[in-house]
Amino acid sequence: MGKRSVGSRRAPPPAAPLMSPRDGLTLSSRLECHGPVSAHCNLHLLGLSDSPASAPPVAGITGFHSCCPGRSAMAQYRLTATSTSCVQAILLPKPPSSREHRYFSHFYIISVLWNGFLLWCLSQSLFLGAPFPSWLHGLLRILGAAQFQGGELALSAFLVLVFLWLHSIRRLFECLYVSVFSNVMIHVVQYCFGLVYYVLVGLTVLSQVPMDGRNAYVTGKNVLMQARWFHILGMMMFIWSSAHQYKCHVILGNLRKNKAGVVIHCNHRIPFGDWFEYVSSPNYLAELMIYVSMAVTFGFHNFTWWLVVTNVFFSQALSAFLSHQFYKSKFVSYPKHRKAFLPFLF
């Protein structure tokens with residue numbers, strides 16, 4: 001038989017049956033890459049875990065053409081009549097806008113530079129006996145810098161500042177090269193608060209250093225000799241939590257990339273692997289554990305830092321709960337045993 005003419009071909013069936021949550025390909029009513037609910041795209045500044053899970057990135061296909069090759073022609077025919085740009089956004093391997101990367105990276109750039117400077121000042125004072133700059137010492141006095149003795153507290157603050165700086169470097173790397181964000185705009189208030197947060201959190205750590213005038217107070221000649229068992233435990237917890245958070249962010253990022261590592265869509269699918277087998281937002285849980293590791297490094301009894309941990313807990317728990325509700329409402333086959341934030345509990 002000869003080829004059927006275009007005019008004689010039957011109209012394609014409705015597009016809705018082609019795509020369902022069970023198929024893993026979901027389109028918003030406007031065929032956009034935006035997160036489904038603004039609450040899932042907000043900034044969680046106290047933990048600032050702005051991975052793709054902040055707008056639950058339950059994506060994992062490698063593009064509609066590779067997922068449903070037999071149906072892509074019908075889908076394209078159906079959707080072109082609606083909007084050519086929407087078809088291109090969904091069917092073609094086009095990466096999302098990079099403006100979100102720039103927004104989130106601003107926080108970590110500020111944190112790396114500012115907390116790196118604070119770490120340099122503290123190192124100069126602890127190991128070389130150099131005084132803090134007068135303006136910085138004035139800020140620390142306003143924040144209530146410790147004016148009492150305690151060599152292990154100086155080492156604790158030094159280690160926590162190192163952890164915070166390394167954490168910021170890793171998150172900056174993940175923001176630029178690992179995570180894939182939805183197209184969301186950051187409110188100017190949230191943006192400013194995010195910048196202020198990382199400035200203040202570094203000063204909070206530095207204010208825990210016992211001071212002797214403008215110098216850090218150290219008992220003995222070598223601050224490293226003040227190491228205690230909780231310093232080692234805190235360091236191990238920090239490394240363990242950071243490794244799991246990085247792995248979770250890699251899992252989330254890969255859900256929106258093909259095998260070559262190219263971002264091809266920003267749809268949503270269910271992530272699996274690592275801590276995702278227990279909770280819906282393990283990256284938030286890991287963020288909390290990172291801050292808890294810093295509290296352990298302070299020797300368990302630093303009230304100021306436990307206040308920071310409390311704020312991080314409620315911020316991350318709320319974000320995890322919203323993400324968990326989104327997963328359950330969007331995917332019929334979502335694992336029933338997964339909790340929102342804390343394994344086996346919540």
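Residues numbered from 1 in each chain as written. Predicted model: local features only at pLDDT ≥ 70, side-chain atom pairs only at ≥ 80, totals over all residues. Heavy atoms only, no water.

Thoughts on the packing of aromatic side chains
Now for step 1: Summed over the entire model, instances satisfying the criterion amount to 20 aromatic pairs.
Now for step 2: Here the aromatic rings of F127 and F158 are separated by 5.5 Å at their centres, their planes lie at 80°, and the arrangement is edge-to-face. A residue pair is termed long-range when its members are at least 10 positions apart, and F127 in helix α4 (residues 99–128) and F158 in helix α6 (residues 151–177) qualify at 31 residues.
Now for step 3: Given the relative accessible area of 14%, F158 is considered buried.
Now for step 4: A centroid spacing of 5.3 Å and a plane angle of 65° characterise the contact between W240 and W275, whose relative ring orientation is edge-to-face. Of the two residues, W240 sits in helix α8 (residues 229–254) while W275 sits in the loop between α8 and α9 (282–297), which places them 35 residues apart along the sequence.
Now for step 5: Judged by relative accessible area, W240 falls into the partly exposed class, the value being 42%.
Now for step 6: Between the NZ or CZ atom of R338 and the centre of the ring of F272, over which it lies, the distance is 4.9 Å. (Phe/Tyr/Trp six-rings, centres within 6.5 Å; stacked < 30°, edge-to-face > 60°. Helix = DSSP H or I, 4+ residues; strand = E, 2+ residues; numbered from the N terminus. Buried < 20%, exposed > 50% of the residue type's maximum accessible area, 1.4 Å probe, protein only. Lys NZ or Arg CZ within 6 Å of the ring centre and 35° of its normal.)

Points about the pattern of salt bridges
Now for step 1: Counting across every chain of the model gives 3 salt bridges.
Now for step 2: For the salt bridge of E174 with R170, the shortest nitrogen-to-oxygen distance reads 2.5 Å. In this pair, E174 and R170 both sit in helix α6, 4 residues apart, roughly one turn of the helix.
Now for step 3: By relative accessible area, which is 0% here, E174 ends up buried.
Now for step 4: K247 is paired through a salt bridge with D274; the nearest N and O atoms lie 3.7 Å apart. Note that K247 is positioned in helix α8 and D274 in the loop between α8 and α9, a separation of 27 residues in sequence.
Now for step 5: Since its relative accessible area comes to 18%, D274 is described here as buried.
Now for step 6: Sharing partners across several salt bridges, the network here consists of R170, R171 and E174. (Salt bridge = Lys/Arg side-chain N within 4 Å of Asp/Glu carboxyl O.)

Some remarks on a nonpolar patch on the surface
Now for step 1: A contiguous nonpolar patch, built from Y278, L318, F321, F344, L345 and F346 and spanning about 680 Å² of accessible area, is present on the exposed surface.
Now for step 2: One can find F344 in the segment after α10 (303–330).
Now for step 3: Given a relative accessible area of 67%, F344 falls into the exposed group. (Patch = residues over 30% accessible without salt bridge, like charges linked within 9 Å, V, L, I, M, F, W, Y side chains within 5 Å. Areas by Shrake-Rupley, 256 points an atom, 1.4 Å probe, with all protein chains shown as cover.)

Let's talk about the nonpolar core
What tends to happen in soluble globular proteins is that the nonpolar side chains get buried as a cluster.
Now for step 1: With 67 residues, the main nonpolar core has L122, L206 and W305 as its most contacted residues.
Now for step 2: Elements with a minimum of two residues in this core: α4, α5 (134–142), α6, α7 (188–206), α8, α9 and α10.
Now for step 3: Here this core takes 13 residues from α6, the largest share from any one element.
Now for step 4: Both domains that meet at this core, namely domain 1 (100–227) and domain 2 (228–345), each give it at least three residues. (Core = buried A, V, L, I, M, F, W, Y, C linked by side-chain atoms within 4.5 Å. Domains from an automatic or database assignment.)

Structural measurements only, silent on function.
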